[in-house]
Amino acid sequence: MDHDLQPGDHLVSRRRWYIHHGIYAGNGRVIHYRGYTKQLKREPVEEVSIERFAGRHGFEVKDWAARQYTGESCVARARMRIGERRYRLLSNNCEHFCEWCITGQPHSAQVEQWLAWAKGEVNALLAKVWPRTAHTAH
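What comes next is a walk through the structure. These numbers were taken from a predicted model, which means no experiment stands behind them. (Residues numbered from 1 in each chain as written. Predicted model: local features only at pLDDT ≥ 70, side-chain atom pairs only at ≥ 80, totals over all residues. Heavy atoms only, no water.)

So, on to the layout of surface pockets. In this structure, the largest pocket occupies an estimated 510 Å³ of space. Lining the largest pocket are 24 residues, and of these R15, Y18, R34, G35 and Y36 lie nearest its centre. Contributions of two or more residues to the lining of the largest pocket are made by β2 (19-26), β3 (29-36), β4 (42-49), α1 (50-54) and α4 (109-129). With five residues, β3 is the single largest residue contributor to the lining of the largest pocket. Taken together, the residues of the lining of the largest pocket break down into ten nonpolar, eight polar and six charged. (1 Å grid on protein atoms, 1.4 Å probe; cavity = no way out; pocket = protein on both sides within 12 Å on 5 of 7 lines; lining within 4 Å. Points joined across faces, edges and corners; volume = space filled by probe spheres on them. Helix = DSSP H or I, 4+ residues; strand = E, 2+ residues; numbered from the N terminus. Nonpolar A, V, L, I, M, F, W, Y, C, P; charged D, E, K, R; others polar.)

Structure, rendered in structure tokens:
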């Protein structure tokens, strides 16, 4: 099931409401931020089998035009955070983790998209509740 994967590849697994991210470590293993349990307890960065990472959702490799860290150096960055339990949905999630491993900078396009959508929804609601009234000069 390795699909010609290379250590340091950025794996994405599409779920119903989000996309899960992990770093391929080689030998069928993936390092990822596990996230929250059903009880909202923070789970750690961990190394798991590719089957456990992807489950029934499958996965694909995210292409990168330019990377700061490749191959084993990317995997080493991921491994140094194994056990970390500082998961935050909006500021330190699995995508932030993978982006940091690859570029040195945490980033989540997924969070940016969610926040842009939420801002649009709030603005639409506010426009319905408090519509602008035309002001005329007297």
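Attention now goes to the packing of aromatic side chains. Tallied over the entire structure, the rule returns three aromatic pairs. Here Y33 and Y87 contribute two aromatic rings whose centre-to-centre distance is 5.4 Å and whose plane-to-plane angle is 70°, an arrangement assigned as edge-to-face. With Y33 in strand β3 and Y87 in the loop between α2 (71-79) and α3 (94-103), the pair connects residues that are 54 residues apart, well separated along the chain. Here the two residues Y33 and Y87 agree in accessibility, since each one is buried. Consider the rings of Y36 and Y87, whose centres lie 4.9 Å apart with planes at 80°: the pair is edge-to-face. You can see Y36 sitting in strand β3 and its partner Y87 sitting in the loop between α2 and α3, a full 51 residues away along the chain. Using a relative accessible area of 35% as the deciding quantity, one classes Y36 as partly exposed. Look at Y87 and you get buried, because its relative accessible area is 8%. (Phe/Tyr/Trp six-rings, centres within 6.5 Å; stacked < 30°, edge-to-face > 60°. Buried < 20%, exposed > 50% of the residue type's maximum accessible area, 1.4 Å probe, protein only.)

Right, let's get into α3. Two residues of an α-helix separated by three or four positions point the same way, owing to the 3.6 residues in each turn. Across the ten residues that make up α3, a large majority, nine, are buried. For α3, the full list of buried residues reads C94, E95, H96, F97, C98, E99, W100, C101 and I102. Its side-chain oxygen at 2.8 Å from the backbone nitrogen of E95, N93 defines the N-terminal cap of α3. Positive phi shows up at G104, right after α3, with a value of about 90°. (Polar contact = N/O pair within 3.5 Å; in protein donor to acceptor, adjacent residues only side chain to side chain.)

Let us look at the nonpolar core. Counting residues in hydrophobic clusters, the biggest one holds 15 residues, and the most contacted among them are I23, I31, Y33, A78, F97 and C101. Elements that contribute at least two residues to this core include exactly β2, β3, α2 and α3. Counting residues in hydrophobic clusters, the runner-up holds nine residues, among them L5, Y24, I50 and A54. (Core = buried A, V, L, I, M, F, W, Y, C linked by side-chain atoms within 4.5 Å.)

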